[in-house]
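Fold and geometry: a report
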Amino acid sequence: MKKLLSLIYYKLTPLFLKKILCIVTSNFRHKELLALHDRPWYAYGLLKSAELAKKKGYSRFTAIEFGVASGRGIRILSNYKKEIEKIIDIKIDIVGFDTGQGMPKTNDYRDLPDKYIEGDFPMIDKKKIESYDCKLELGDLKKTIPFYKKKLTTKSPIGFFAMDVDIYTSTKHALNLFKANSNCYLPYVFCYFDDSGGRHHFTRFTGELLAIEEFNNSNKLRKIDIDRGVWNEHKLIPNQIWYDRCFILHVFDHKLRKNSRIGKKKIINF
Ligand SMILES: C[S@@+](CC[C@H](N)C(=O)[O-])C[C@H]1O[C@@H](n2cnc3c(N)ncnc32)[C@H](O)[C@@H]1O
């Protein structure tokens, strides 16, 4: 019976009907599969990291937003956290990094100074943001990252982050957080780089993409690559523009990325 229902839903039900069913039942996972959440890229990354953390035996993990501004993104993240904690037995700690004063001053071409001015996107109500069940680390990432790096804990490893600080220098500082002991992360860290695709001014030579390239060049066993599984997870819907902005930080030196299988060999039957 279950198989029959599944066949009807996945193979025979048209997409618009699936969407209606999803909205009516408001099932977080089904909504995620059809990208019906407000920020499908946050829903996807947070859900995947929660599933991975659970599968690997963790009881909690940390999700970070770099660049909080007025808190729109962190509020959404916090709503998803509540939904995910209901369906997966895991706790999620949310942390937001921001200057609190908006964009820092820069005239470096790699920061695209023609696109931003000092003070763009300030934080308006810090207390309100803190009420979204998150912790805020306020100050320039240049200073807060080295400080926070010392506070990293294996009890709540980082499993997801959204990068939304817009410019090269800030992204470079943020990525320094991923150079600590491998146990402070999940073996695969799902990540979303908001300013890496979808606009003409994004290039490999500036901004977030340049910071990613430099991170990869300077770390042998930590690499950030595009998420090559995201489209496969959403086969029910047409290709989405945000897939290009989903990445995974591969922690190749993680203890859970070593060969640990014991037992029978896998056999391909035909
Ligand atoms: C586009 S806004 C973030 C938008 C937010 N994520 C949202 O979803 O509404 C970019 C933010 O990055 C922050 N930012 C940029 N460079 C930073 C730095 N070096 N240190 C701390 N915060 C920084 C700015 O303060 C700004 O609020």
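It should be emphasised that the depicted structure is a prediction, and the values quoted were computed from it without experimental measurement.

As a further point, take the domain arrangement of the protein. Under the domain assignment, the protein is made up of domain 1 (1–34) and domain 2 (35–256). The C-alpha-based centres of domain 1 and domain 2 are spaced at 30 Å. Facing the eleven residues of domain 1 at the interface are twelve residues of domain 2. Where the side of domain 1 that touches domain 2 is concerned, the elements lending two or more residues are helix 2 (15–25) and helix 3 (28–33).

If you look at the biggest cluster of nonpolar residues, it comprises 61 residues, and the most contacted ones within it are Leu46, Phe161, Met163, Ala174, Val189 and Cys191. By residue number, the principal contributor to this core is helix 4 (residues 40–55), which donates nine residues. Other than its neighbours up to four places away in sequence, alanine 174 contacts Phe66, Phe97, Leu141, Ile145, Met163 and Val165.

This paragraph deals with the site of the ligand. In the vicinity of the ligand lie 20 residues, with Gly67, Ala69, Arg72, Gly73 and Ser170 positioned nearest. At the level of elements, helix 5 (72–87), strand 2 (91–98) and helix 8 (168–175) are the ones that each hand at least two residues to the shell around the ligand. Looking at side-chain class alone, the shell around the ligand contains eight nonpolar, six polar and six charged residues.

With that settled, the discussion passes to helix 5. Given a rise of 1.5 Å per residue, 16 residues ought to cover 22 Å, and the 24 Å separating the end C-alpha atoms of helix 5 matches this to within 8%. Along helix 5, the positions that sit buried rather than exposed are Gly73, Ile74, Leu77, Ser78, Tyr80, Lys81 and Ile84. One face of helix 5 carries all of its buried residues, which in axial projection span an arc of 165 degrees. Exposed and facing more than 90 degrees away from the buried side of helix 5 are Arg72, Lys82 and Lys86. As for helix 5, its buried residues are in contact with helix 3, helix 4, strand 1 (60–66), strand 2, helix 6 (126–130) and strand 4 (158–163).

A word on the environment of alanine 43. Within the element layout of this structure, alanine 43 appears in helix 4. According to the C-beta neighbour criterion, alanine 43 is buried, with 24 such atoms within 10 Å. As for alanine 43 and glutamate 32, which are separated by eleven residues in sequence, their C-alpha atoms are 6.4 Å apart. With near-sequence residues (within four places) excluded, alanine 43 lies in contact with Glu32, His37 and Tyr80.

Right, let's get into the sheet that holds strand 5 (residues 185–193). Here seven strands make up an open sheet; going across it, the order is 3-2-1-4-5-7-6 and the pairing mixed. Of all strands in the sheet, those bounded by a partner on one side alone are strand 3 (135–138) and strand 6 (222–226). On average, each strand axis in the sheet is tilted by 20 degrees relative to the strand beside it, whichever way the strands run. Two strands pair when backbone bridges link them, and strand 4 and strand 5 are joined in this way by five bridges, in the parallel orientation. The residue bridging isoleucine 158 from the neighbouring strand is tyrosine 185, located in strand 5. On the sheet, helix 9 (residues 207–218) packs against strand 4, strand 5 and strand 6 and is oriented at approximately 140 degrees with respect to strand 6.

Analysis parameters
The written sequence of each chain sets the order in which its residues are numbered from 1. Local features are withheld for residues below a pLDDT of 70 in this predicted model, meaning they are given only at 70 or higher, and side-chain atom pairs are given and counted only at 80 or more; totals for whole chains, interfaces and linings count all residues. For the domains described, the bounds stem from an automatic or database domain assignment. Two residues qualify as a contact pair if the distance between their C-beta atoms, derived from the backbone, is within 7 Å. Per the convention used, a helix needs a DSSP run of H or I reaching at least four residues, while a strand needs a run of E reaching at least two, with both numbered from the N terminus. We call a set of buried Ala, Val, Leu, Ile, Met, Phe, Trp, Tyr and Cys residues a nonpolar core when their C-beta atoms link them within 7 Å. Each residue is classified by how many other C-beta atoms fall within 10 Å of its C-beta atom, where C-beta atoms are placed from the backbone; a count of 20 or more means buried, 12 or fewer means exposed, and values in between mean partly exposed. Put plainly, near means the residue's C-beta atom, positioned from the backbone, lies within 6 Å of the molecule or strand in question. Residue polarity is assigned by list, with Asp, Glu, Lys and Arg as charged and Ala, Val, Leu, Ile, Met, Phe, Trp, Tyr, Cys and Pro as nonpolar; anything else, Gly included, falls into the polar class. In a helix, the anticipated span is given by 1.5 Å times the number of residues less one. Think of it as the arc spanned by the lines of direction from the helix axis to the C-beta atoms. Note on pairing: two strands pair once DSSP finds at least 2 bridges between them. Only the contacting stretch of a helix is used when fitting its axis, a line to C-alpha atoms as for every element, and angles between N-to-C directions run 0 to 180 degrees.

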